Amino acid sequence: MSRPGGPRTADPQHTADRPAAPPGRRALVFALMMAMALAALDSAVVATAVPQIVGDLGGFSYFSWLFSGYLLAGTVSLPVYGKLSDTLGRKPVLLFGIGLFLAGSALCAASWNMAALIVFRIVQGFGGGAIQSTVQTLAADLYPLKERPRIQAAISSVWAGSAVLGPAVGGLITTWADWRLIFLLNVPLGLVSLVLLARRLSEPHRERAAGRLRVDWAGALALFLTGCALLTAIIQGGHAWPWLSAPSLGLFGTGAVLLALTVVVERRAADPILPGWVWRRRTIAAANLAMGALGVMTIAPTVFLPTYAQSVLGLDPLRAGFVLAVMSVAWPLSAAFSQHVYRRIGFRQSAMTGMAVACPVLLAFPALSGTHSPWYPALISLALGACLGITQLPLLVGVQSTVTVSERGTATASLLFCRQLGSSIGAAVFGALANAILNSRLQGTSSALPSTGGSILDSLSSGATSGAAAGPLRDALATAVDWVYVGAATAAALAVLALFLAPRRFPVLD
C-alpha cells in the first residue's frame, strides 16, 4: 500500500486480481444500470399504487410492511452478499440476485391477499440486496480509479431518474391499468439485464484454498436474525406499537442477545461473513460511521419534505414531488463532479467538506420556514443534493480503493449496510421527534382540532380542516419539520466528527 503523492509499490495480490477491461464494456455498463434500476424504481413505483392495492386486497393496517419488509430484507442481506461475492465471485451472486428479484416480482403480481404480497415483497428485498451490493462492487472491479467516478455517477443517475420517473410511471399504471402490471414490468427489464450480464460479464480466475470451499453460514444466519430483530424494532417502534411496549422491549432484548451470539460466532469462524478488519481499519471504520450518519441525515428531506410541501405550503402532489426531486437530480451531477474535488484535496477532505456545508444548508430550512414559497425548500434540496454528491461517492470510491479485489465486496457492503441502517434509525428517531412536537403543540388547542399528531396529515390532506382551524395544524407541523431538519444537521456534524478518525490521506492501493 502507498499513500497518494508518495512512491507507489504495487500490491502483488491486487495486481494479480485486477480484471482486464472486458470487451463490449458499454453493453455491460448498460446491463449494470438496468439491474440497478430494478431496485431503484421499485419502491418509488409501488408507493403510488398503495390505494389501489389496499382496495383490491384489503389489509390496510399492514400495508406499511410492503416497504418495511422490502427494506428489512435488503438491509440484513447486504453483508452476506458482500462476503459471498468475495468468496464465490460477483457474477453468480448478481445473477442469483436478479433471478430472485424477478421471481419475487412475478409472485407479487400473483398475490391473492396482503399477507402473500408482503411475503413476496420480502423475497424481492433479498434479491434487491444482492443487486445493490454487487453492482456497486463491480463498478470498482471493472474500472480503474481514474475512471471509477464516471461509472459510479452513472449508477447514481439511475436512482435520480427513478425518483423522478417512478411516481409518474406508477401513477399512469394505476390510473389506466391494474396494479399488478407494476411488478410484471420488472420481468422484461430484468431478463434483458440477466442475458447481457450472463454473456458479457467475465471475471478473473479466483485462487481458492485447497479443499472444500468454506462459507460461514452460521455467521450469515446469526447476522441475519440479529438484523431482523433490531431493524423490526426500529422500523415498527412508535408506529405499530409504543416504544416501551412489550413487543419493542422484546425485540430489542432479543436483538441484543443475538448480537452477542453473532460476535461469538464470527470470532470463531475461519472466514467470517463480517470480518473484524472492517472495524479495525481506521479508514473503513470512519467511513462506515460517516455513511451511517449520512443515512440518518437524508431521512429528513426524503420523508418529511413532501409532507411539508403539501400540508404546510399547500402544493399539489406533483409540485411537492418536484421539491424533493431536485435533490435527487443534483446528487449524481455533484457526484460526477466530485472527482475533481477529491483528486485535489483527498477523499476524506472532500467528504468532510460536503458534510460541513450540509450543516448550514439544513439549518437554513427552519431559519426560512416563515417564507411560504415553494422555491426556498427546492433551493435547499438542490444545495443538499450537491453536498451529498461530494460526500458519498468519495467515501465509496475511497474505501474501495484501499482494499484488494478479494476484500472489496465486503467493504462495499459494509458501507451500504451502515447507510441503510442509518436511514432506518433516522426514520424512527425523527418520527418520534415529530410526533412528540406535534402532540405538544396541539395540547390546549380547540377540541375541533385533531388531538394527536398522527391525524394531522389526514385532516389537512383531506380538507376536513380548513380556514382558521387549519392554521394551528400547519404551524404545528411546520415546527415539527423544522426540528427534524435541526436533527439532520446534527447528524451531518456527527459525520464530520467521524471522518476525523480516518487518516488524512486514504492508503490507496496501486
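In what follows, the accompanying structure is described.

The rules behind the values
Residues numbered from 1 in each chain as written. Predicted model: local features only at pLDDT ≥ 70, side-chain atom pairs only at ≥ 80, totals over all residues. Heavy atoms only, no water. Helix = DSSP H or I, 4+ residues; strand = E, 2+ residues; numbered from the N terminus. Buried < 20%, exposed > 50% of the residue type's maximum accessible area, 1.4 Å probe, protein only. Contact = heavy atoms within 4.5 Å. Areas by Shrake-Rupley, 256 points an atom, 1.4 Å probe, with all protein chains shown as cover. Salt bridge = Lys/Arg side-chain N within 4 Å of Asp/Glu carboxyl O. Expected span 1.5 Å × (residues − 1). Polar contact = N/O pair within 3.5 Å; in protein donor to acceptor, adjacent residues only side chain to side chain. Patch = residues over 30% accessible without salt bridge, like charges linked within 9 Å, V, L, I, M, F, W, Y side chains within 5 Å. Core = buried A, V, L, I, M, F, W, Y, C linked by side-chain atoms within 4.5 Å.

Let's talk about the overall build of the protein chain
So, step 1. Scanning the protein chain from N- to C-terminus turns up 19 helices and 0 strands.
So, step 2. Looking at the 510 residues of the protein chain, the share that counts as buried comes to 54%.
So, step 3. Across the protein chain, the fraction of contacts at a sequence separation of at least 24, relative to all contacts at a separation of at least 6, is 82%.
So, step 4. Counting only carbon and sulfur atoms, one obtains 67% of the accessible surface of the protein chain, whose full area is about 21,600 Å².

Considering the environment of leucine 379
So, step 1. Position of leucine 379 among the secondary structure elements: in helix H16 (residues 375–400).
So, step 2. Assessed through its relative accessible area of 53%, leucine 379 is described here as exposed.
So, step 3. Once the C-alpha coordinates of leucine 379 and phenylalanine 365 are considered, the two residues, 14 residues apart in sequence, prove to be 10.0 Å apart.

As for the pattern of salt bridges
Pairs can form between side chains of opposite charge whenever their charged atoms are close.
So, step 1. Across all of its chains, the model carries 6 salt bridges by this definition.
So, step 2. In this structure, the salt-bridge partner of aspartate 56 is arginine 180, at a minimum N-O distance of 3.6 Å. Of this pair, aspartate 56 sits in helix H3 (residues 50–57) while arginine 180 is found in helix H8 (residues 180–184), placing the two residues 124 residues apart along the sequence.
So, step 3. The class for arginine 180 is partly exposed, based on a relative accessible area of 21%.
So, step 4. Close ionic contact of arginine 90 with aspartate 141 constitutes a salt bridge, the shortest N to O distance being 2.6 Å.

A short note on H16
So, step 1. A rise of 1.5 Å per residue sets the reference length of H16, with its 26 residues, at 38 Å; its end C-alpha atoms lie 38 Å apart and thus fit the reference within 8%.
So, step 2. Counting buried positions along H16 gives 21 out of 26 residues, so the element sits mostly inside the fold.

Focus on the environment of threonine 232
So, step 1. Note that threonine 232 resides in helix H10 (residues 217–236).
So, step 2. On a C-alpha basis, the gap between threonine 232 and glycine 69 in space is 8.7 Å, while along the polypeptide they are 163 residues apart.
So, step 3. One polar contact links the side chain of threonine 232 to the main-chain carbonyl oxygen of cysteine 228, over a distance of 2.6 Å.

Some words on a nonpolar patch on the surface
So, step 1. Residues Leu165, Val169, Leu181, Leu184 and Leu185 make up a contiguous nonpolar surface patch of about 390 Å² in total accessible area.
So, step 2. When contributions to the nonpolar patch are tallied by element, the ones reaching two or more residues are helix H7 (148–176) and H8.
So, step 3. With respect to the secondary-structure elements, leucine 185 resides in the loop between H8 and helix H9 (186–200).

With respect to the nonpolar core
Soluble globular proteins tend to pack their nonpolar side chains together in the buried interior.
So, step 1. Among the nonpolar cores identified, the biggest contains 63 residues, and Met297 and Met355 are the most heavily contacted of them.
So, step 2. Secondary structure elements with two or more residues in this core: helix H12 (277–280), helix H13 (282–311), helix H14 (317–345), helix H15 (347–367), H16, helix H17 (405–442) and helix H19 (470–499).
So, step 3. A per-element tally of this core places H19 first, with 15 residues.
So, step 4. Excluding residues within four positions of it along the chain, methionine 297 makes contact with Met355, Ala358, Leu362, Leu384, Leu388, Ala488, Ala491 and Ala492.

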